[in-house]
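Residues per chain, in single letters:
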Amino acid sequence: MEVDKAATVKQLANANSARPLPYSGDDEQGRSWLGHIKGARLLDIQLLTPSTMRQLMAVSGRTELSVVSHFYHLRDKHGLEIKEIDGLYRLRVSECVPLNDYVYRMIRVGVTGL
């Protein structure tokens, strides 16, 4: 779980930077940084930025129930949270995560979404 959290912090830092680089977290088998493929991979990527449920359903080809099920999977298997504010959902690394030096640096430069 800690590796997934650290990798997610890195992805969020890029997504929130002034000049975000195109997403490049896939491995050589086309899996997201969390090891997901297909619709789950697309959800992982979409959740790096605030997205409506409609956007999440459209990008992944899943039903609302299936998207919410993925939220639970992210929490239970990867230690990640989905934060919803004003109908927008996004990945969040739990505040109870032990903060390493990388996370501290990101907080100091004002990266949001942590």
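Higher on the page you've got the structure.
In this report, we go over the structure that sits alongside the text. It should be emphasised that the depicted structure is a prediction, and the values quoted were computed from it without experimental measurement.

### Focus: the packing of aromatic side chains
- Enumeration according to the criterion identifies one aromatic pair in this entry.
- Measuring from centroid to centroid gives 5.5 Å for F71 and Y89, while their planes differ by 35 degrees, and the two rings are tilted. In this pair, F71 is assigned in helix 4 (residues 64-78) and Y89 in strand 2 (residues 88-93), connecting sequence segments 18 residues apart. We note that F71, like Y89, is buried.

### Quick word on the nonpolar core
- Judged by nonpolar contacts, the single largest core of 16 residues is most densely connected at L47, L56, F71 and L91.
- Of all the secondary-structure elements, those providing two or more residues to this core are helix 1 (2-15), helix 3 (53-60), helix 4 and strand 2.
- Non-local contacts of L56, meaning those with residues more than four positions away in its chain, are made with L43, Q46, L47, S51, V67, F71 and Y89.

### Concerning the pairing of strand 1 (residues 80-85)
- As paired strands, strand 1 and strand 2 are joined by six bridges and run antiparallel to one another. Within strand 2, the position partnered with L80 by the bridge is V93.
- The antiparallel hairpin formed by strand 1 and strand 2 contains two residues in its connecting segment, where D86 sits at a positive phi of about 50 degrees.

Cut-offs applied
Residues numbered from 1 in each chain as written. Predicted model: local features only at pLDDT ≥ 70, side-chain atom pairs only at ≥ 80, totals over all residues. Heavy atoms only, no water. Phe/Tyr/Trp six-rings, centres within 6.5 Å; stacked < 30°, edge-to-face > 60°. Helix = DSSP H or I, 4+ residues; strand = E, 2+ residues; numbered from the N terminus. Buried < 20%, exposed > 50% of the residue type's maximum accessible area, 1.4 Å probe, protein only. Core = buried A, V, L, I, M, F, W, Y, C linked by side-chain atoms within 4.5 Å. Contact = heavy atoms within 4.5 Å. Pairing = 2+ DSSP bridges.

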